[in-house]
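Observations on the three-dimensional arrangement
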Amino acid sequence: MTVGTFFARRTGRSLPWLAALLGAVLLAGCGGGGSGNDFSPRRLVVLGDEASVLLPGDATNRGRKYSVNALDPLDTSTPDENDRIDEEPLGGPLSCGRNRIWVQIVADEFGFGFDECNPRSGVDPQRGRIYAALEARVADIPAQIAAAEADGAFTSRDLVTVMVGLHDIIDLYDPADCAASRSAARARGAALKNLVDGMADNGAGARVMYATIADVGKTPYGRGLGNAASSCLSQMTTEFNTGLRITGLQNGEYIGLVVFGELVESIFDDPERFGYDNASQPRCGVALPDCTTATLADGVDEDDRYFWADALRFGAEVHARLGLEAVEIATDNPF
């Protein structure tokens, strides 16, 4: 299945530029081509920070995300003459199955659910397990791995997703010594890659998808620190992602690199081309995870496309792009 086919199936519309861009990025990141194998995981194990978190809760707030949460349409809409439902206005209860985060898109591809959000009837939520946590660092990943393995040793039928590093970059930034900060960031990325390799265990362990991170210097948080700090944070992000790419096992049969950081660089370079109204300011008017489509920042229209949900975390459209790229890797290359 191609990126374009997947996107059309999920959204009902085709964007040729997206298919072309993702295809080029995937070829660059993974060496091109696919294994031709049909990978059918028995479970999905989600590791990392809040970019991969769905929160438990009661019937009204189950599955909240550290992004822009969607609301169900109110029951005031009526069909038009073509039996289409006008879904405005949005203002009903929280809908965890809308505005999916990237790991939900991966889970949906394989028919998995999560205890924290399982809107599809007949789907076993136990096949998708989230061990990711708010503000996790690379140093927290071993404990997440241990928790996952306590629920069952890794096998080649397990698919593991890993994205972490945002808070490591913030922790490691030293305004007095950017060179040392860059070196520490590369070492932290290499440490994460070693953990990825350990989970794969040369084929005896899980199949692991791990993602590079978006440029911390270009977050609203990073920009707000001034040009010098923003530049250093950007350089640190590059070093962290380099550490992920050049050490240990290379992309192939057991692991797959989701080149998210490189993909979003293209968006930062020309946001309008990629359909974004704003790639520098937060969309939310309240703190995450309480942001919904009804609590956007002043002056933000519900239809405006913003890259950032808040000063550090990205919005639903960005999650969709990341999820599409991860699905392409999980289904075509390298597993």
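To start, this report covers the structure provided alongside it. Being a predicted model, the structure only gives us computed values, none of them experimental.

Re the overall build of the protein chain
Within the protein chain one finds ten helices and eleven strands. Out of the 335 residues in the protein chain, the part that is buried amounts to 52%. With the model as given, the accessible surface of the protein chain reaches about 13900 Å², and the carbon-plus-sulfur share is 48%.

Thoughts on the packing of helix α3 (residues 102-109) against helix α10 (residues 316-332)
Running from N to C, α3 and α10 point in directions that differ by 40°, and their axes come no closer than 7 Å. In this view, α3 runs oblique relative to α10, as classed from their interaxial angle. You can see that α3 and α10 cross each other, and the crossing is right-handed. Contacts from Trp102, Ile105, Val106 and Glu109 of α3 reach α10 at His319, Ala320, Leu322, Gly323, Leu324, Ala326, Val327 and Thr331. For the contact of α3 with α10, the residue count by class is eight nonpolar, three polar and one charged.

Observations regarding empty space enclosed by the protein
Here the structure, examined in full by the defined rule, presents one cavity of 30 Å³ or more. Contributing to the lining of the largest cavity are 15 residues, with Leu166, Ile213, Ala214, Leu312 and Phe314 lying nearest its centre. For the lining of the largest cavity, a count of residues per class yields ten nonpolar, one polar and four charged.

A closer look at unusual backbone geometry
Of the consecutive residues leucine 288 and proline 289, the connecting peptide bond is found in the cis state with omega at 10°. Tracing the backbone through its elements, the reader meets proline 289 in the loop between β10 (278-282) and β11 (306-308). A positive phi is found at asparagine 99, a non-glycine position, where the angle reads about 50°. By the element assignment, asparagine 99 lies in the loop between β5 (90-95) and α3.

Points about the nonpolar core
Membership of the largest hydrophobic core comes to 88 residues, with the highest contact counts inside it found for Leu47, Val160, Met163, Val208, Phe307 and Phe314. Setting aside anything within four residues of it in sequence, one finds phenylalanine 314 in contact with Ala51, Tyr66, Ser67, Met163, Phe260, Phe307, Trp308, Ala309, His319 and Leu322.

Side note on a negative patch on the surface
A contiguous patch of negative charge on the surface is contributed by Asp269, Asp270, Glu272, Asp277, Asp301 and Asp303. Turning to its location among the elements, aspartate 269 is positioned in helix α9 (residues 260-269).

As for the state of the cysteines
One pass over the full model with this rule turns up three disulfides. Disulfide pairing places cysteine 178 opposite cysteine 232 at an S-S distance of 2.1 Å. A torsion of 110° about the S-S bond marks the disulfide between cysteine 178 and cysteine 232 as right-handed. Linking cysteine 178 in helix α6 (residues 178-200) with cysteine 232 in helix α8 (residues 227-246), this pair joins segments that are 54 residues apart in sequence. With respect to burial, cysteine 178 and cysteine 232 carry one shared label: buried. For the protein chain, the disulfide bridges join cysteines in the arrangement 1-2, 3-4, 5-6, where the cysteines are counted in sequence order.

Details of the packing of aromatic side chains
Where two aromatic rings form a pair, the distance of their centres and the angle of their planes describe that pair. In the structure shown here, the tally under the stated rule is six aromatic pairs. Summarising the aromatic geometry, the rings of phenylalanine 110 and phenylalanine 112 are spaced 6.2 Å apart at their centres and angled 35° between planes, so their arrangement reads as tilted. Like phenylalanine 112, phenylalanine 110 is buried. The interplanar angle of 20° and the centroid separation of 6.1 Å between the aromatic rings of phenylalanine 268 and tryptophan 308 together place this pair among those described as stacked. Remark: tryptophan 308 occurs in strand β11 and phenylalanine 268 occurs in helix α9; sequence separation between them is 40 residues. Here phenylalanine 268 matches tryptophan 308 in class, with each residue buried. Ring pairs connect the aromatic residues Phe268, Tyr276, Phe307 and Trp308, which therefore count as one cluster.

Cut-offs and rules
Residues numbered from 1 in each chain as written. Predicted model: local features only at pLDDT ≥ 70, side-chain atom pairs only at ≥ 80, totals over all residues. Heavy atoms only, no water. Helix = DSSP H or I, 4+ residues; strand = E, 2+ residues; numbered from the N terminus. Buried < 20%, exposed > 50% of the residue type's maximum accessible area, 1.4 Å probe, protein only. Areas by Shrake-Rupley, 256 points an atom, 1.4 Å probe, with all protein chains shown as cover. Axes fitted to C-alpha atoms, helices over the stretch in contact; angles between N-to-C directions. Parallel < 35°, antiparallel > 145°, perpendicular 65-115°, else oblique. Left-handed = near helix turned anticlockwise from the far one by under 90°. Contact = heavy atoms within 4.5 Å. Nonpolar A, V, L, I, M, F, W, Y, C, P; charged D, E, K, R; others polar. 1 Å grid on protein atoms, 1.4 Å probe; cavity = no way out; pocket = protein on both sides within 12 Å on 5 of 7 lines; lining within 4 Å. Points joined across faces, edges and corners; volume = space filled by probe spheres on them. Core = buried A, V, L, I, M, F, W, Y, C linked by side-chain atoms within 4.5 Å. Patch = residues over 30% accessible without salt bridge, like charges linked within 9 Å, V, L, I, M, F, W, Y side chains within 5 Å. Salt bridge = Lys/Arg side-chain N within 4 Å of Asp/Glu carboxyl O. Lys, Arg positive; Asp, Glu negative; His and termini not counted. Charge placed at Lys NZ, Arg CZ, Asp CG, Glu CD. Disulfide = S-S within 2.5 Å. Phe/Tyr/Trp six-rings, centres within 6.5 Å; stacked < 30°, edge-to-face > 60°.

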